[in-house]
Amino acid sequence: MFRVATGLDSQILGDFEIISQLKSSFNEAKSFGLINTFLDRLINAVIQASKKIKNETEISSGATSVAFASVQYIIKNVENIGNKNILLFGTGKIGRNTCENLVKHTKNEHIAD
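An account of the accompanying structure is given in this report. These numbers were taken from a predicted model, which means no experiment stands behind them.

Now for the nonpolar core. Ala5, Ile19, Leu22, Phe26, Leu42, Ile43, Val46 and Ile47 form the largest nonpolar core, which has 8 residues in total. Counting only elements with at least two residues in this core, the list comes to helix H2 (16–31) and helix H3 (37–56). Tallying contributions element by element places H3 first for this core, with 4 residues. Not counting chain neighbours up to four residues away, the residues in contact with Ile19 comprise Ala5, Val46, Ile47 and Ser50.

A word on the side chain of Asn101. Residue position: Asn101 is located in helix H5 (residues 92–106). According to the relative accessible area criterion, Asn101 is buried, its value standing at 15%. Setting aside its immediate chain neighbours within four residues, Asn101 contacts Ala67, Phe68, Val71 and Thr106.

This next bit is on the pattern of salt bridges. Under the counting rule described, the total for this entry stands at 2 salt bridges. The salt bridge partner of Arg3 is Asp9, with a shortest N-O separation of 3.9 Å. A residue is classified by how much of its surface remains accessible, and Arg3, at 48% relative accessible area, is partly exposed. A salt bridge links Asp40 to Lys30; the shortest N-O distance between them is 3.5 Å. Taken as a pair, Asp40 in helix H3 and Lys30 in helix H2 lie far apart in primary sequence, 10 residues in all. Lys30 sits in the partly exposed class, given a relative accessible area of 45%.

Conventions used here
Residues numbered from 1 in each chain as written. Predicted model: local features only at pLDDT ≥ 70, side-chain atom pairs only at ≥ 80, totals over all residues. Heavy atoms only, no water. Core = buried A, V, L, I, M, F, W, Y, C linked by side-chain atoms within 4.5 Å. Buried < 20%, exposed > 50% of the residue type's maximum accessible area, 1.4 Å probe, protein only. Helix = DSSP H or I, 4+ residues; strand = E, 2+ residues; numbered from the N terminus. Contact = heavy atoms within 4.5 Å. Salt bridge = Lys/Arg side-chain N within 4 Å of Asp/Glu carboxyl O.

Structure below.
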């Protein structure tokens, strides 16, 4: 769990989205009464470790999510990105994050999801 939540075992080293997903899942499970004392301590330790790693190392100095990394790839490899019509097929939050990153970093208003 520590390796996954801290982004050591993700497609993008130091991925921020994984810890966010873990927190959301933890809160939902807790609302249904599915978290015992052991899991509560484990998740809190994992969250603290993730914060420490991100604050005290350079692990997240590059792209910090699959969505951001894909946008960086597009920016580097597609000429005149601001003049392109872009149609993004995404599923859920990652697709939405990719779209937001495209709009933010390309200044392109011709993006649809």
